[in-house]
Amino acid sequence: MNIVLLGAPGAGKGTQAQLLIKEYGIPHISTGDILRAAVKNETPLGLKAKSFMDAGELVPDDLIIDLMRERLAQEDALKGFILDGFPRTTTQAAALDTVLSEDGRRIDCALAIEVPDEDIIKRLSSRRVCRVCGYTGSAADAVCPQCGGEMYQRDDDKTETIANRLAVYQRSTAPLINYYSGAGVLVEIDGNRAVDEVYSDVKAAVERD
Ligand code: AMP
């Protein structure tokens with residue numbers, strides 16, 4: 001089961017991915033998580049990516065495509081995967097198809113989780129993430145409800161960066177809806193509902209074949 005999760009930042013891709021992992025036991029591959037770890041560890045990739053990420057801009061396609069070529073070749077990804085935050089441009093989507101087709105794989109399902117911009121802005125500005133376990137919560141969580149760790153606000157969730165991230169999404173990522181629709185694998189899902197309601201549509205979509 002090879003799944004792509006599409007949707008603006010804050011649409012709930014990570015939350016839905018966590019539920020899919022529990023149910024299907026396939027890895028969740030988030031380019032944002034990989035890049036944040038690289039920045040924290042000051043790897044060569046992290047050093048190149050940091051300024052783009054801080055500005056809410058996309059990291060250049062060639063860096064991301066090399067990173068994902070390696071990640072998708074790892075053993076755990078061969079039985080299936082959930083991609084979150086990748087692809088983000090049609091160049092990345094075409095490269096992904098090429099990489100997968102080299103060993104007879106393909107994307108089975110692209111889920112577009114749709115949430116209006118005004119709700120995205122509210123969600124992102126109140127989003128907080130656990131420094132210890134990565135749990136995503138909100139400003140209402142004084143400490144992580146999962147592990148008691150410290151909750152922090154991602155730099156790119158600050159008000160001044162959110163507008164640019166949404167503009168980048170509209171310009172570069174929204175065209176992927178047409179890309180996957182053309183490939184016959186797109187399912188659009190209303191993400192402006194309770195998590196379990198969204199998930200029930202997500203599950204129906206990935207099991208539809
Ligand atoms: P995310 O956690 O998915 O919102 O990603 C955080 C940031 O990482 C983005 O705003 C981009 O700067 C960078 N990033 C993540 N995934 C990609 C990608 N597929 N292509 C380019 N940049 C990315």
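J.: Mind showing me how you'd approach the site of the ligand here?
T.: Around the ligand there are 16 residues in total, and Thr 31, Arg 36, Glu 57, Gly 85 and Gln 92 lie nearest to it. Taking Arg 36, its side chain carries an N or O atom lying 2.9 Å from an oxygen atom of the ligand. The side chain of Gln 92 places a nitrogen or oxygen atom 2.9 Å from a nitrogen atom of the ligand. Considered on its own, the ligand offers 480 Å² of accessible surface; in the complex 96% of this is hidden by protein. Per-element accounting of the shell around the ligand gives the leading share, four residues, to helix α2 (residues 31–40). For the shell around the ligand, the per-class residue count stands at six nonpolar, four polar and six charged.

J.: Can you walk me through the sheet that holds strand β1 (residues 2–6) in this structure?
T.: Two pairing modes exist for strands in a sheet, parallel and antiparallel, and in both the strands are linked by backbone hydrogen bonds. Read across the open sheet, the five strands follow the order β2-β3-β1-β4-β8; overall the sheet is parallel. Two strands lie at the open edges of the sheet, namely β2 (28–30) and β8 (186–190), each paired on one side alone. Mean inter-strand twist for the sheet, computed between neighbouring axes without regard to direction, equals 20°. The pairing of strand β4 (residues 109–114) with β8 spans five bridges and is parallel. Across the sheet, the residue bridging to Glu 114 is Asp 190, located in β8. Most of the contacts of helix α1 (residues 13–24) go to strand β3 (residues 81–84), to which it runs at about 170°, and overall it touches β1, β2, β3 and β4. Strands β2 and β3 of the sheet are contacted by α2, whose axis makes an angle of about 60° with β2.

J.: How should I be thinking about unusual backbone geometry in this particular structure?
T.: Among all residues except glycine, the phi angle is most often negative; among peptide bonds, the trans geometry is most common. With an omega of -5°, the peptide bond running from Phe 86 to Pro 87 counts as cis. Within the secondary structure layout, Pro 87 lies in the loop between β3 and α5 (90–102). Unusually for a residue other than glycine, Glu 42 sits at a positive phi of about 55°. Here Glu 42 lies in the loop between α2 and α3 (44–55). Taking the relative accessible area as the measure of exposure, Glu 42 reaches 57% and is therefore exposed.

J.: Looking at this model, I keep getting lost on the sheet that holds strand β5 (residues 127–130). Mind explaining?
T.: If you trace the three strands from one edge of the open sheet to the other, you get β6-β5-β7, paired in antiparallel fashion. One side of each edge strand has no neighbouring strand; the edge strands of this open sheet are β6 (136–138) and β7 (151–152). Where β5 lies against β7, two bridges are found, and the strand directions are antiparallel. Residue pairing across strands places Val 129 opposite Tyr 152, the latter belonging to β7. With respect to the sheet, helix α6 (residues 117–126) is in contact with β5 and β6, its orientation differing from that of β5 by roughly 40°.

About the cut-offs
- Residues numbered from 1 in each chain as written.
- Predicted model: local features only at pLDDT ≥ 70, side-chain atom pairs only at ≥ 80, totals over all residues.
- Heavy atoms only, no water.
- Near = heavy atom within 4 Å.
- Polar contact = N/O pair within 3.5 Å; in protein donor to acceptor, adjacent residues only side chain to side chain.
- Areas by Shrake-Rupley, 256 points an atom, 1.4 Å probe, with all protein chains shown as cover.
- Helix = DSSP H or I, 4+ residues; strand = E, 2+ residues; numbered from the N terminus.
- Nonpolar A, V, L, I, M, F, W, Y, C, P; charged D, E, K, R; others polar.
- Pairing = 2+ DSSP bridges.
- Axes fitted to C-alpha atoms, helices over the stretch in contact; angles between N-to-C directions.
- Contact = heavy atoms within 4.5 Å.
- Buried < 20%, exposed > 50% of the residue type's maximum accessible area, 1.4 Å probe, protein only.

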